[in-house]
Structures are given as C-alpha cells and as structure tokens.
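Chains, contacts and geometry: an overview
Listed below, chain by chain, are the residues.
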Amino acid sequence: MTQTIPDTKTLFSSVALGPYTLNNRIVMPPLTRSRSTQPDNIPNDLMASYYAQRASAGFMVTEGTQIEPRGQGYAWTPGIHSSAQIEGWKKSHASST
Ligand SMILES: Cc1cc2nc3c(=O)[nH]c(=O)nc-3n(C[C@H](O)[C@H](O)[C@H](O)COP(=O)(O)O)c2cc1C
C-alpha cells in the first residue's frame, strides 16, 4: 500500500496578510480561556504566558475580548475598555512579540 505524504511546503511558506508578512500559514483561532483577573476582567501574567508559549507557532488571534461591559459573553473573559485592561493586554503583546 502506498501512502501519500502531504506537501507541507505551502504550510511553512510566508504569506502576506494586509500590511504584514507572516512566517507561515498556521493560525491559532480565538479560544475562550476565562483567565482574567477578578474583579474587573483584567488581562494578567497567566494570559501573557499562554500567548508567549504559543507565539512561535504562527499568527494568533486572541480570545474574544469585550470592548465594553455589555459586550461580555462569558464570565472572566478579559476586557479592553478600561485603562487597567489595556495595560494588562500590553503584557501579552510584550511576551509574544
Ligand atoms: C470569540 C471566540 C471564542 C472562541 N472560543 C473557543 C473555545 O474556547 N474553544 C473552541 O474550541 N473554540 C472556540 N472558538 C472557535 C474557534 O476559534 C475556531 O473558530 C473553531 O474551533 C474552528 O473550528 P472549525 O475548524 O470547525 O471551523 C471561539 C471562537 C471565537 C470567535
């Protein structure tokens, strides 16, 4: 029996995404982790570690993030509408770039 080995050259080739050039075509989709610090749904060091651990794989879409309190769909999801939340997100950005 012959087995066909998929060609992975395309997967690992760079691609343009708007103004960005991605190293490969691997994308991590948004995954709800509900790990923000309570109260006030503030992105934290645990989240920064989570994104840092995965950053080398490829392009990451962060978890669903409420842009105002009424936009929150699940408990403990991080927001991005208060100063503390914005500062918290900077930790994930810094850890994964
Ligand atoms: C805001 C948001 C949060 C999500 N959270 C999860 C999650 O916690 N777990 C999960 O399996 N998929 C989650 N998804 C769906 C995944 O991001 C992804 O789209 C899906 O797993 C891909 O499935 P598919 O390959 O069948 O399209 C989320 C999607 C969005 C938009």
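Please refer to the structure higher up on the page.
In this report, the structure presented in the accompanying data block is examined. (Residues numbered from 1 in each chain as written. Predicted model: local features only at pLDDT ≥ 70, side-chain atom pairs only at ≥ 80, totals over all residues.)

This part takes up the overall build of the protein chain. Within the protein chain, the regular secondary structure consists of 2 helices and 4 strands. Starting at the N terminus, the α and β elements of the protein chain follow one another as β-β-β-α-β-α. By the compact-globule yardstick of 13 Å for 97 residues, the protein chain is too spread out, its C-alpha radius of gyration being 17 Å. By residue count, 12% of the 97 residues in the protein chain fall in the buried class. The contacts in the protein chain between residues at least 6 apart in sequence include a share of 62% that link residues at least 24 apart. (Helix = DSSP H or I, 4+ residues; strand = E, 2+ residues; numbered from the N terminus. Rg over C-alpha atoms; globule rule 2.2 N^0.38 Å. Buried ≥ 20, exposed ≤ 12 C-beta atoms within 10 Å, placed from the backbone. Contact = placed C-beta atoms within 7 Å.)

This brings us to the environment of Val-27. Considering the arrangement of structural elements, one finds Val-27 in strand E3 (residues 27-28). Since 12 C-beta atoms lie within 10 Å of it, Val-27 is described here as exposed. Put simply, Val-27 and Met-60 are 33 residues apart on the chain and 5.7 Å apart in space, counted from C-alpha to C-alpha. Residues within four places of Val-27 in sequence aside, it is in contact with Gly-58, Phe-59 and Val-61.

The next thing to look at is unusual backbone geometry. The linkage connecting Gln-38 with the following residue, Pro-39, adopts the cis geometry, with an omega of -5°. With respect to the secondary-structure elements, Pro-39 resides in the loop between E3 and helix H1 (45-54). Despite not being glycine, Trp-76 shows a phi value in the positive range, around 65°. By the C-beta count within 10 Å, which is 13 here, Trp-76 ends up partly exposed.

Another point: helix H2 (residues 83-96). Taking 1.5 Å as the rise per residue, H2 with 14 residues should run 20 Å; its terminal C-alpha atoms sit 21 Å apart, in good agreement. Considered for burial, the residues of H2 that qualify are Gln-85, Gly-88 and Ser-92. Buried residues along H2 cover an arc of 65° about the axis, so they all sit on one side. Residues Ser-83, Glu-87, Lys-90, His-93 and Ala-94 are exposed on H2 and point more than 90 degrees away from its buried face. Those residues of H2 hidden inside the fold are in contact with H1. (Expected span 1.5 Å × (residues − 1). Arc of directions from axis to C-beta.)

These figures come from the coordinates and say nothing about function on their own.
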